[in-house]
Amino acid sequence: MSVHRPAKRPIWQYTALTLLLIAALVYQVQATRFQYPAWFGEHDVIAYPFGLLPDNQRPQLVAYFIEPASGLQNGEPVVAIDGKPLTGTAVFGEALKRHRPGERLQVTVLETTKSGGTVQRVLQVPLGRAPVHRSRFGAPLFASLLLFVAMPAVCLALGFFVTAIRPHDRRAWLLLAMMLSFAGFFNPGAELFGPVLRDYLALYSRLMLGGLPIWLLLFGLYFPEPFPNTRGWRRFSWLIWVLIAVLAVSAAGDTILNVGAVEDFASVAFVYRLFHPISWALRPLYTATGPVFFLCLALKFRFARSRDARRRLRLLFAGAALSLVPVLSLEMIAAFLHVYREQFFPGWLNLSSYLMFFLFPLTLAYVIVVQRAMGVQVVIRQGLKYALAQKSIYIIRVVIAIILWTAVGSAASNAGQGSRTAYLILIAGGLLWFTVRRLLEAVGAWTDRHFFREHYNADQLLAELGETVRSIVETRPLLATVAERISQSMHVPRIAVLLDGSGPYLPAYALGYEPAPAVAFGENAATIRQLREEREPARVYFDDPNSWVYTKSGMTEEERRRLAALQPELLLPLSTKDKLFGFISLSQKLSEEPYSPSDVRLLQSVAAQTGLALEVARLTTAIGEEVAQRERLNREVEIAREVQERLFPQELPPVIGLDYCGACRPALGVGGDYYDFLALPGNRLGIALGDVSGKGIAAALMMASLQASLRAEASRASDDLASVIQKVNRLLYDASTANRYATFFYAQYDAASRRLTYVNAGHNPPLLFCGSGEIKRLDAGGTVVGLLEDSAYTQESVALNEGDVLVAYTDGITETMNMVEEEWGEENLIETVQACNLLCARETITRIMQGADCFAAGAKQHDDMTLSVLRIISA
């Protein structure tokens, strides 16, 4: 069994990368100092009177880039500077540092006579001042900043960034080498620096310049992927490797020659003698690297299998053609004519070719760093939109604002501080700025409509869609509107919307599928977790092994197949806060171009609006269902209330010498309080009062069970009330859950003997108000019913006399609370009953209820309120 070994930490790679970064930064700082000495405090700087290069014909230094007024000729050998033999370019640099602008430099040159001999000629070359706003090469400031500052910065940032994140990738190191060559393309003025630094700058510059064609060829071979190992390719590849080997040897010799030319050109004369015989063939080989590079890209395009790889190659080919062809064309012409390109062609043409050269690292940055490349037309369109339609108008707005408010401030100041005229000027300036701003906004919109119509239309359609979805509260029409608008505006042929159906995420709407996709994603599926955790649109790339489709934990092959059935390129989460309602799957556009960042931002806005609309739709549906459910429940409660009221005594059986009545007022529609009067044989009356634990339907059901059990047992028993309650307890225990019970009071009144026999099963003791003024509490009995399977009860008997009043109640009466949560209490109940002297039972109940309600003063009723009142009257 193979064991996966983690990749070694790239210690050596990062060490080498750090050293290269230090070396590149040292070079770039000194090269920038050479081009812009004023940035480093060097203001009295001499403009270069001419340059020096090793001669291609003999081992000596010759002048080039000659000013007409200097008296020198291009390619004329220089033997001494200020009387000092010119052993290397360092002598020239040291002489320039000793002089000041306006002085003259003594230059000794070799002049060929008509007879073929040579004589020395001494010239006094005037030294001018280097312009502050132009580089040493005479390029305007903006152009020189692009060439000498912006391009090296972009190249170094791209090369080191890619290599830092991919230290084990050889192609990343190849890219770094090429970017270092581009950054070190121009002369750093090594001769102007100290002994060690100038040698380093010369060495670095020549290595970078000599290595550029080699890196270019290698890049053509290995980007974005190596050529397939076919027989035809093997026949062709050895020619390229031979060319690379020749270029490497030539670059090594050229580096030795140019570095030696700094200190002592004679010390490297052996290299000159070695390479001079073949020098006529080396320069064409250098210029041939460009065509070979383009040939590699063209062949790669034929072998590329993915659309993205073809888009990258097409874009790289276009960018390389725009940037390299001008430079290579001038180089080839100069090589054919055996002239210096910088002197043969006009300055504006050389500068333009160099500026075009800057497009190549920018193209590389795009095709390498961007995860999915867009087509050439899209890149050009969006680049123009960004540069023209947006930035230019923004810059114009800023410039106009500065000019306008400067003029307004100056006019207001001249009018006098605090004067009426100054205030009028400020107001007029504000109105004018408002008008100009609106005008510029209109210009920007006009530019969008006329030059970027397709993108403008997409913006407009999707912006209108964001407003439209807010008014749609039904899910199906909402999804259809969103899918159709996105499809129309961005030309997306297939769109699927999957929603959470309180289970897996299932397709709720599909557009462009035949048949509709039958897929499902569980709550813990990797795709759902990716969208929920990132909360951002997810790009789906099945051809990228580093995509989340392959790296996300928990992603299975089966889920990848389900995801592939949607044919997605972009997944848009539909969410609000922490809730993911679903997602929209967008297929590839008809143009086969990837979704740009602006596309994603627009779609993300639409998805956010759709998520809110889905939430509203769900809430609307839920509210509707809740209302319907409440109506059903209210109706059911109403029916239950009617049924429960039918369970209470509808008619009171007459009993000689007894006035009695009962009432129940549930806290909800139905309740768990129970009272009953049973007509028993022998002119006896059964009196029952109970309070089931809890409230609502469940308590009402147990109350009905208690009533049924009591009536069944009371009809079979005679005077043994303890046995009756014991059996009721057993029946209720069997019919209820473990947490259900009832407090219960049951009594039988014998009219003949005027005796009341009772059992109190954990209930509030009923109050017996005797005619003598004594109050008795009937508390004998036992524990509650329905809680314990076997419970023993005892019964007691009391004699009643005319005028006695028995009040049985549930705790909802005495525990009635007011707004400050104070309880009415038993004492208030007693006072109220005592105040009801000579009132009938029904009136007594009414007075008690009124007393409790008056105390509550509008507070909510928290518990069921039940009363039974018996008054002994004369027979």
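Residues numbered from 1 in each chain as written. Predicted model: local features only at pLDDT ≥ 70, side-chain atom pairs only at ≥ 80, totals over all residues. Heavy atoms only, no water.

**Quick look at the overall build of the protein**
Right, on to step 1. Along its length, the protein carries 25 helices and 22 strands.
Right, on to step 2. Across the 875 residues of the protein, 46% fall into the buried class.
Right, on to step 3. For the protein, restricting intrachain contacts to residue pairs at least 6 apart in sequence, the fraction spanning at least 24 positions comes to 68%. (Helix = DSSP H or I, 4+ residues; strand = E, 2+ residues; numbered from the N terminus. Buried < 20%, exposed > 50% of the residue type's maximum accessible area, 1.4 Å probe, protein only. Contact = heavy atoms within 4.5 Å.)

**Side note on the pattern of salt bridges**
Right, on to step 1. Considering all chains together, one arrives at 18 salt bridges under this definition.
Right, on to step 2. The salt bridge partner of Glu94 is Lys84, with a shortest N-O separation of 4.0 Å. One end of the pair, Glu94, is in helix H2 (residues 89-98); the other, Lys84, is in strand E4 (residues 84-85), and ten residues separate them in sequence.
Right, on to step 3. A relative accessible area of 28% means that Glu94 is categorised as partly exposed.
Right, on to step 4. Across the salt bridge formed by Asp500 and Lys579, the nearest N and O atoms sit 3.3 Å from each other. Remark: Lys579 occurs in strand E11 (residues 579-586) and Asp500 occurs in strand E7 (residues 495-500); sequence separation between them is 79 residues.
Right, on to step 5. For Lys579, a relative accessible area of 36% translates into the label partly exposed.
Right, on to step 6. Here the salt bridges do not stand alone but share partners, grouping Lys84, Glu94, Arg198 and Glu263 into one network. (Salt bridge = Lys/Arg side-chain N within 4 Å of Asp/Glu carboxyl O.)

**A look at the pairing of E11**
Right, on to step 1. Within E11, seven of the eight residues are buried, leaving the element largely enclosed by the surrounding structure.
Right, on to step 2. Bridging between E7 and E11 involves five bridges; their strand directions are antiparallel. Along E11, the bridge assignment pairs Ala496 with Ser585.
Right, on to step 3. Note that strand E10 (residues 570-576) and E11 share seven bridges and pair antiparallel. Following the sheet pairing, Leu574 is matched in E11 by Gly582.
Right, on to step 4. The loop that links E10 with its antiparallel partner E11 comprises two residues; one of these, Lys577, has a positive phi angle of about 55 degrees. (Pairing = 2+ DSSP bridges.)

**Structural notes on the environment of Leu571**
Right, on to step 1. With respect to the element layout, Leu571 can be found in strand E10.
Right, on to step 2. A residue is classified by how much of its surface remains accessible, and Leu571, at 0% relative accessible area, is buried.
Right, on to step 3. Along the chain, Leu571 and Leu531 lie 40 residues apart, while their C-alpha atoms are 8.1 Å from each other.
Right, on to step 4. With residues near it in sequence (within four places) discarded, Leu571 still touches Thr527, Leu531, Pro537, Ala538, Val540, Trp548, Leu563, Phe583, Ile584 and Ser585.

**Concerning the packing of helix H4 (residues 170-183) against helix H5 (residues 195-222)**
Right, on to step 1. At a minimum axis separation of 7 Å, H4 and H5 run at an interaxial angle of 140 degrees. When the interaxial angle is binned, H4 and H5 end up oblique. For the crossing formed where H4 meets H5, the hand is left-handed. Here H4 contributes Arg171, Leu174, Leu175, Ala177, Met178, Leu180, Ser181 and Phe182 to the contact with H5, which in turn contributes Tyr204, Met208, Gly211, Leu212, Trp215, Leu216, Leu218, Phe219 and Tyr222.
Right, on to step 2. When the residues that make up the contact of H4 with H5 are grouped by side-chain class, the tally is 14 nonpolar, two polar and one charged. (Axes fitted to C-alpha atoms, helices over the stretch in contact; angles between N-to-C directions. Parallel < 35°, antiparallel > 145°, perpendicular 65-115°, else oblique. Left-handed = near helix turned anticlockwise from the far one by under 90°. Nonpolar A, V, L, I, M, F, W, Y, C, P; charged D, E, K, R; others polar.)

**A closer look at the sheet that holds strand E21 (residues 805-809)**
Right, on to step 1. The five strands lie next to each other as E12-E22-E21-E17-E18, forming an open sheet whose pairing is antiparallel. Either end of the sheet is taken by a strand with one partner, and the two such strands are strand E12 (658-665) and strand E18 (775-777). In this sheet, adjacent strand axes meet at a mean angle of 15 degrees when their direction is disregarded.
Right, on to step 2. Alignment of E12 against strand E22 (residues 865-872), held across eight bridges, turns out to be antiparallel. Within E22, the position partnered with Gly662 by the bridge is Ser868.
Right, on to step 3. Sheet contacts for helix H25 (residues 841-856): E12, E21 and E22; angle to E22, the most-contacted strand, approximately 145 degrees.

**Section: unusual backbone geometry**
Right, on to step 1. Look at the link from Glu514 to Pro515: it is a cis peptide, with omega at -10 degrees.
Right, on to step 2. Here Pro515 shows up in the loop between strand E8 (505-511) and helix H17 (526-534).
Right, on to step 3. Positioned with a positive phi, Gln567 is a non-glycine residue whose angle comes to about 55 degrees.
Right, on to step 4. In this structure, Gln567 sits in the loop between helix H19 (557-565) and E10.

**Looking at a nonpolar patch on the surface**
Right, on to step 1. A surface patch of nonpolar side chains, about 360 Å² in accessible area, is lined by Val29, Trp39, Phe40 and Val149.
Right, on to step 2. Its location among the elements puts Val29 in helix H1 (residues 11-35). (Patch = residues over 30% accessible without salt bridge, like charges linked within 9 Å, V, L, I, M, F, W, Y side chains within 5 Å. Areas by Shrake-Rupley, 256 points an atom, 1.4 Å probe, with all protein chains shown as cover.)

**Notes on the packing of aromatic side chains**
Right, on to step 1. In total, this model carries twelve aromatic pairs according to the counting rule given.
Right, on to step 2. A centroid spacing of 5.6 Å and a plane angle of 85 degrees characterise the contact between Phe34 and Tyr48, whose relative ring orientation is edge-to-face. One end of the pair, Phe34, is in helix H1; the other, Tyr48, is in the loop between H1 and strand E1 (51-54), and 14 residues separate them in sequence.
Right, on to step 3. Ring geometry for Tyr200 and Tyr204: centres 5.9 Å apart, planes at 45 degrees, overall tilted. Taken together, the residues span about one helical turn, with Tyr200 and Tyr204 both in helix H5 at a distance of four residues.
Right, on to step 4. The class of Tyr200 is partly exposed, set by a relative accessible area of 25%.
Right, on to step 5. What makes Tyr204 buried here is its relative accessible area of 8%.
Right, on to step 6. Three or more aromatic residues joined by ring pairs form one cluster here, namely Phe34, Tyr48, Phe50 and Phe92.
Right, on to step 7. Residue placement shows Arg562 over the ring face of Phe521; its charged tip is 5.5 Å from the ring centre. (Phe/Tyr/Trp six-rings, centres within 6.5 Å; stacked < 30°, edge-to-face > 60°. Lys NZ or Arg CZ within 6 Å of the ring centre and 35° of its normal.)

**Concerning H19**
Right, on to step 1. Taken together, the buried positions of H19 are occupied by Glu559, Arg560 and Leu563. The arc that holds the buried residues of H19, viewed along the axis, is 100 degrees, so those residues lie on one side.
Right, on to step 2. Each element contacted by the buried residues of H19 is listed here: H17, helix H18 (548-551) and E10. (Arc of directions from axis to C-beta.)

**Points about the side chain of Thr163**
Right, on to step 1. Along the chain, Thr163 turns up in helix H3 (residues 141-165).
Right, on to step 2. Among the residues examined, Thr163 registers a relative accessible area of 0% and is labelled buried.
Right, on to step 3. For Thr163, the residues in contact, after removing those within four places along its chain, are Leu17, Ala172, Trp173 and Leu176.

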